[in-house]
Amino acid sequence: MAILKILQYPDERLHTVAAPVTEVTGKTRTLIQNMAETMYAAPGIGLAATQVDVHERIIVIDISETHDQLHTLINPEIIAHHGALEYEEGCLSVPGIYGKVKRAESVTISALNAEGKPFTLEASGLLAICIQHEMDHLEGKVFVEYWSAFKLSRVLAKIKKRQRSAM
Ligand code: K1U
Ligand code: ZN
């Protein structure tokens, strides 16, 4: 297994719209294992393939503290959603930046699992939030882009300042 490099905002590659997976192969499963290892090592509770510069519709999520409830979502689609919830989000591609985004409180999704088998999942609370955040990555959208132009410019300035002091 391998730890993959996570693209850092505002890398333009994070704005790529991911393509559907046409066949789940051994290569897909190796990518999923490497994504899961990368997410656990970060540490994080979700990771989209976009974040590791692979532009295919693949997500891994594990919100458990025990790291034993891995969800693999290939070609996920939201088929129903209910309610609204504001949650303080973070992102491994925007380290150190946290802020609220309004999302559906619960979602029902259809997707393929790591064996290429279709399934549906009803999710609420943090799992639903994380699914929506990761599905945004597959559309090339990063959570800070829900914020006002003013707030986003402050985030970009903070990132630039941090990059300068790291040189
Ligand atoms: O997409 C990502 O970069 C992963 C992101 C997922 C996420 C977190 C919170 C709300 C919505 C989506 C993260 O995992 S950020 C790190 C994080 O939240 C966390 C890390 C360790 C333990 C618990 C949470
Ligand atoms: Zn993210």
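Preceding block: the structure.
Worth saying up front: this structure is predicted, and the values here are computed from it rather than measured. (Residues numbered from 1 in each chain as written. Chains lettered and ligands numbered in written order. Predicted model: local features only at pLDDT ≥ 70, side-chain atom pairs only at ≥ 80, totals over all residues. Heavy atoms only, no water.)

A.B. asks: Tell me about helix 2 (residues 125-138), residues and numbers included.
C.D. replies: Compared with the 20 Å implied by 1.5 Å per residue over 14 residues, the 21 Å span of helix 2 between its first and last C-alpha is a close match. Burial within helix 2 is extensive, with 12 of its 14 residues counted as buried. Residues Leu127, Ala128, Ile129, Cys130, Ile131, Gln132, His133, Glu134, Met135, Asp136, His137 and Leu138 constitute the buried set of helix 2. Backbone geometry just downstream of helix 2 places Gly140 in the positive-phi region, at approximately 80 degrees. (Helix = DSSP H or I, 4+ residues; strand = E, 2+ residues; numbered from the N terminus. Expected span 1.5 Å × (residues − 1). Buried < 20%, exposed > 50% of the residue type's maximum accessible area, 1.4 Å probe, protein only.)

A.B. asks: With reference to specific residues and values, describe the pattern of salt bridges.
C.D. replies: According to the stated counting rule, one finds five salt bridges in the structure shown. Between Asp11 and Arg13 there is a salt bridge, with its nearest N and O atoms 2.7 Å apart. Of the residues examined, Arg13 reaches a relative accessible area of 37% and is grouped as partly exposed. With a closest N to O distance of 2.8 Å, Glu89 and Arg103 form a salt bridge. Separated by 14 residues along the polypeptide, Glu89 in strand 4 (residues 85-89) and Arg103 in strand 5 (residues 99-103) bring together distant segments of the chain. What makes Arg103 buried here is its relative accessible area of 6%. A cluster of three or more residues bridged by salt bridges with shared partners is formed by Asp11, Arg13 and Asp53. (Salt bridge = Lys/Arg side-chain N within 4 Å of Asp/Glu carboxyl O.)

A.B. asks: Mind laying out the packing of aromatic side chains, listing which residues take part and the relevant values?
C.D. replies: Tallied over the entire structure, the rule returns one aromatic pair. The aromatic ring of Tyr146 is capped on one face by Lys141, whose charged end is 4.0 Å from the ring centroid. A cation over an aromatic ring shows up here: Lys151 above the ring of Trp147, its NZ or CZ 4.1 Å from the ring centre. (Phe/Tyr/Trp six-rings, centres within 6.5 Å; stacked < 30°, edge-to-face > 60°. Lys NZ or Arg CZ within 6 Å of the ring centre and 35° of its normal.)

A.B. asks: Please give an account of the sheet that holds strand 6 (residues 106-112) that cites residues and values.
C.D. replies: Taken together, the five strands give an open sheet; going across it, the order is 1-2-3-6-7, and neighbouring strands pair in antiparallel fashion. Edge positions in the sheet fall to strand 1 (46-48) and strand 7 (118-124), since each has one partner strand and no second. The average undirected angle you get between the axes of adjacent strands in this sheet is 40 degrees. As paired elements, strand 1 and strand 2 (residues 58-61) share three bridges and run antiparallel to each other. Directly across from Gly46, in strand 2, lies its bridge partner Ile61. Its contacts with the sheet place helix 2 against strand 1, strand 2, strand 3 (71-82), strand 6 and strand 7, and it is angled at close to 120 degrees to strand 7. (Pairing = 2+ DSSP bridges. Axes fitted to C-alpha atoms, helices over the stretch in contact; angles between N-to-C directions. Contact = heavy atoms within 4.5 Å.)

A.B. asks: Tell me about unusual backbone geometry, and please be specific about residues and values.
C.D. replies: Cis geometry is found at the peptide bond from Tyr9 to Pro10, where omega equals 10 degrees. Positive phi, close to 55 degrees, is recorded for His67, a residue that is not glycine. Tracing the sequence through the fold places His67 in the loop between strand 2 and strand 3. Looking at His67, the relative accessible area reads 40%, which means it is partly exposed. At Asn75, a residue that is not glycine, the phi angle is positive and equals roughly 50 degrees. Tracing the backbone shows Asn75 in strand 3.

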